[in-house]
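Observations on chain architecture
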Amino acid sequence: MIKYSAEVATAQKNGSPIVALESTIISHGLPRPKNLIVAQEVEAIVRNAGATPATIAVIDGTVCVGLDQKQLERIATDDQIVKASVRDLALIQAGKKSAATTVAATAHIAYLAGINVFATGGLGGVHRGNSFDESADLVAMSKIAIIIISAGVKSILDVPATLERLETLSIPVLGYKTKIFPGFYLTDSGYVIEHQVNSANEIAQIWRARGELKTDECSVIVANPVKNQMDLKLHEKLLTTGLALADKNKITGKEVTPFLLEHFHTNSDGESLRVNIEIIKANAQLAAEIAIALK
Ligand code: PSU
Ligand code: MN
């Protein structure tokens, strides 16, 4: 059912560390043409750190774990690529269609492939102003055992509501070298978390302890704050205008997150893109270190 890239198949055979990477950030999260370059650079970071990258997507009905150059290009440039969450996967496969996978869908496939570390940019969560719009990422993370490295949830979301949902769903949130929950574009979302970890080894130890205590049925979130955050004033302005515009244009469902991200990218003169790239690269690096520590 799953097609593995040559390098991922080799890594699996050798039992060497693998890092899953999501593809919606490439197709719907970053502007073209930079998206393809970033996707390639992120894979290179994982390789240089001593692990194997496995970017996950569905191509012409085949679930792919690890993409070759042409497939990566397709995800980055083809307008037919849709954004797929968990509920969409079977439809995409049966219809022989192609899709980029969200955090939820990527975590699901990575788990099937036996991969236990996954790097992304930002997690989905509870949206502002519409308490029924909760990302399926939350539900997926409550059911899938994988370590997910992110820069928190975006400030476009309702951060405190998301943190409360994570608590309800019993999903542990570990701050990497901090107790301040990051806000994706911002180093500090304004909310604190309980647990700080200071090394990849510490995370690996927690992962193993979960197994012994049978609290290992959900994800572990590692929140890795961006170092050089977005200009605060610009962020505030784009957040206000973006939310108002989404409301005015009646943007709903899976369109909301891509709409707001694009609003940031087209109106920040490269600033949101710079931060986004820094985040995904730093998370890929940390994910590789954790994957190595687990071995
Ligand atoms: N955060 C980002 N960039 C992204 C996304 C989130 O910084 O591209 C994507 C991820 O794939 C995430 C999805 O899983 O948005 C969440 O979408 P929704 O809010 O519709 O569940
Ligand atoms: Mn939604």
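The present account deals with the structure reproduced in this document. (Residues numbered from 1 in each chain as written. Chains lettered and ligands numbered in written order. Predicted model: local features only at pLDDT ≥ 70, side-chain atom pairs only at ≥ 80, totals over all residues. Heavy atoms only, no water.)

The subject of this paragraph is the nonpolar core. With 59 residues, the main nonpolar core has Val65, Ile115, Met141, Ile148, Leu166 and Phe181 as its most contacted residues. Residue contributions to this core peak at 6 residues, all from helix H6 (residues 103–112). Counting residues in hydrophobic clusters, the runner-up holds 46 residues, among them Ala51, Cys64, Ile81 and Ala287. (Core = buried A, V, L, I, M, F, W, Y, C linked by side-chain atoms within 4.5 Å. Buried < 20%, exposed > 50% of the residue type's maximum accessible area, 1.4 Å probe, protein only. Helix = DSSP H or I, 4+ residues; strand = E, 2+ residues; numbered from the N terminus.)

Quick look at the pattern of salt bridges now. The tally for this structure, following the rule as stated, stands at 9 salt bridges. When the shortest N-O distance is used, the salt bridge between aspartate 78 and arginine 74 registers 3.1 Å. Note on arginine 74: relative accessible area 27%, which makes it partly exposed. Across the salt bridge formed by arginine 165 and glutamate 134, the nearest N and O atoms sit 3.0 Å from each other. (Salt bridge = Lys/Arg side-chain N within 4 Å of Asp/Glu carboxyl O.)

What follows deals with the pairing of strand E13 (residues 220–223). Of the two faces of E13, the one carrying Val220 and Val222 and the one carrying Ile221 and Ala223 are both buried. In terms of strand pairing, strand E8 (residues 147–150) meets E13 through 4 bridges, oriented parallel. Pairing of isoleucine 147 across the sheet is with valine 220, part of E13. Sheet analysis places strand E9 (residues 173–176) next to E13, joined by 3 bridges and oriented parallel. (Pairing = 2+ DSSP bridges.)

This part is about the environment of isoleucine 144. Relative to the elements of secondary structure, isoleucine 144 occurs in the loop between helix H7 (136–143) and E8. Isoleucine 144 sits in the buried class, given a relative accessible area of 7%. Setting aside its immediate chain neighbours within four residues, isoleucine 144 contacts Ala104, Ala107, His108, Tyr111, Glu217, Cys218 and Ser219. (Contact = heavy atoms within 4.5 Å.)

The full set close to ligand 1 counts 16 residues, and Lys83, Ser135, Asp137, Lys154 and Thr257 are the nearest of them. Contact between ligand 1 and glutamate 22: an oxygen atom at 2.8 Å from a side-chain N or O atom of the residue. Threonine 257 places a polar side-chain atom, nitrogen or oxygen, 2.7 Å from an oxygen atom of ligand 1. Judged by the proximity of its atoms to the pocket grid, ligand 1 belongs to the largest pocket. At the level of secondary structure, the elements contributing two or more residues to the shell around ligand 1 comprise helix H2 (24–29) and helix H11 (256–267). Residue contributions to the shell around ligand 1 peak at 3 residues, all from H2. Of the residues that constitute the shell around ligand 1, the class distribution is 4 nonpolar, 7 polar and 5 charged. (Near = heavy atom within 4 Å. Polar contact = N/O pair within 3.5 Å; in protein donor to acceptor, adjacent residues only side chain to side chain. 1 Å grid on protein atoms, 1.4 Å probe; cavity = no way out; pocket = protein on both sides within 12 Å on 5 of 7 lines; lining within 4 Å. Sits in = over half its atoms within 2 Å of the grid points. Nonpolar A, V, L, I, M, F, W, Y, C, P; charged D, E, K, R; others polar.)

To continue, consider empty space enclosed by the protein. For the structure shown, the criterion picks out 1 cavity of 30 Å³ or more. Taken as a whole, the largest cavity spans an internal volume of roughly 80 Å³. For the lining of the largest cavity, the elements supplying multiple residues, two or more each, are H2 and helix H3 (34–48). If one sorts the elements of the lining of the largest cavity by residue count, H3 sits on top with 4 residues. Here the lining of the largest cavity is built from residues that sort into 8 nonpolar, 2 polar and 1 charged. (Points joined across faces, edges and corners; volume = space filled by probe spheres on them.)

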